[in-house]
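Reading the structure
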Amino acid sequence: MKSVFRGIVMASAALALAGCISFGKDPPDSLLTLTPAKLAPAGASTIGTKSAAIAIMGITASQELNVNRVPVQVNASSLAYLKDAFWVDNPTTLFSRLLSETIQAKGNRLVVSNAELQAGAPTRLSGQLLEMGFDVPTQSVVVRFDATLQNKKGEILTRRFESVQPGIKADVEHVGPALNTAANDVANQVAEWVG
């Protein structure tokens, strides 16, 4: 009888303790990601020489984007983050994957992702993601990317790309898809440029 009573007390104590312990915040209902508008078809392969390869590496971001939140430009000097909007991964990683898939889907460049092959690729695309968020004064989603392309001749080219999606409501249900559209637009512009 004592062991039964002791078991009941221990179980009650464990349940009470479980109610007091928290292992972190509740996870968000959903996470945002960037999905390519066009994918290379399954089974598609690209063949080429090292001289035709392009490596996408070194995509960086301004400090406000270096988190898994969506920035909101409130005015010229104030920044906030969109409620309930969380990226599934760092925005630079997501944008880099989107660029790679978009260029590959166009089929005119051999995109390499292996670190060893990237180091030997004569053409390299890098750059800085300057903006990927919501602008309150214009009620727009803005994606802005400064690209740097080093070609096989050793020339270094730079170009700014931008996409603005106007008339967007300031909530995750509208901003998320608009960011995906704008990021795809920028990735497509970059793919045309490097193609």
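Values in this document were obtained by computation on a predicted structure and should not be read as measured data.

Helices and strands together make up the secondary structure of the chain, namely 4 helices and 7 strands. In sequence order, the secondary structure elements of the chain are arranged as α-β-β-β-α-β-α-β-β-β-α. Residue burial in the chain is summarised as follows: out of 195 residues, 35% are buried.

The next subject is the environment of D84. Along the chain, D84 turns up in strand β3 (residues 78–86). Once the C-alpha coordinates of D84 and D171 are considered, the two residues, 87 residues apart in sequence, prove to be 8.3 Å apart.

A positive phi is found at D84, a non-glycine position, where the angle reads about 65°. Using a relative accessible area of 46% as the deciding quantity, one classes D84 as partly exposed. At Q139, a position not held by glycine, the phi torsion is positive, near 50°. Within the element layout of this structure, Q139 appears in the loop between β5 (123–135) and β6 (140–150). For Q139, a relative accessible area of 34% translates into the label partly exposed.

What follows deals with the nonpolar core. Core analysis: the biggest nonpolar cluster contains 40 residues, and F95, L99, L125 and F145 have the highest contact counts within it. At the level of elements, β1 (53–61), β2 (69–75), β3, α2 (91–106), β5, β6 and α4 (172–194) are the ones that each hand at least two residues to this core. Sort the elements by how many residues they give to this core and α4 lands first, with 11 residues. Setting aside residues no more than four positions away along its own chain, L99 makes contact with I56, I59, L125, F145, A187 and V190.

Attention now moves to the pairing of β5. Strand direction decides the pairing type here: β1 and β5, joined by 6 bridges, are parallel. Paired with A61 across the strands is L129, a residue of β5. One ladder, built from 11 bridges, connects β5 with β6; its direction is antiparallel. When the sheet's bridge partners are listed, F134 is paired in β6 with V141.

All right, on to the environment of T138 then. The residue T138 is located in the loop between β5 and β6 in this model. For T138, a relative accessible area of 47% translates into the label partly exposed. As for T138 and P166, which are separated by 28 residues in sequence, their C-alpha atoms are 7.2 Å apart. A polar contact is formed between the side chain of T138 and the side chain of D135, at a distance of 2.6 Å.

With that out of the way, let us pick up the side chain of S96. For S96, the position within the fold is in helix α2. Classification of S96 by relative accessible area gives buried; the value is 19%. With residues up to four places along the chain from it excluded, the contact list for S96 reads I56 and I59.

On to the pattern of salt bridges. What the rule picks out here adds up to 5 salt bridges. Its salt-bridge partner being D89, residue R97 comes within 3.3 Å of it at the nearest N-O pair. Members of the salt-bridge network, linked through shared partners, are E131, R144 and E162.

Here the focus is the pairing of β1. Looking at chain direction, β1 and strand β4 (residues 110–112) are connected through 3 bridges and run parallel. By the bridge assignment, A53 is partnered in β4 with L110.

This brings us to α2. For α2, spanning 16 residues, the distance from its first C-alpha to its last is 23 Å, which sits close to the expected 22 Å at 1.5 Å a residue. Within α2, 12 of the 16 residues are buried, which leaves it mostly tucked inside the rest of the structure. Buried residues of α2: P91, T92, L94, F95, S96, L98, L99, S100, E101, T102, I103 and A105, and no others. In this structure, the buried side of α2 is in contact with β1, β4, β5, β6 and α4. Residue G107 follows α2 closely and has a positive phi angle near 75°.

Rules of the game
- Residues numbered from 1 in each chain as written.
- Predicted model: local features only at pLDDT ≥ 70, side-chain atom pairs only at ≥ 80, totals over all residues.
- Heavy atoms only, no water.
- Helix = DSSP H or I, 4+ residues; strand = E, 2+ residues; numbered from the N terminus.
- Buried < 20%, exposed > 50% of the residue type's maximum accessible area, 1.4 Å probe, protein only.
- Core = buried A, V, L, I, M, F, W, Y, C linked by side-chain atoms within 4.5 Å.
- Contact = heavy atoms within 4.5 Å.
- Pairing = 2+ DSSP bridges.
- Polar contact = N/O pair within 3.5 Å; in protein donor to acceptor, adjacent residues only side chain to side chain.
- Salt bridge = Lys/Arg side-chain N within 4 Å of Asp/Glu carboxyl O.
- Expected span 1.5 Å × (residues − 1).

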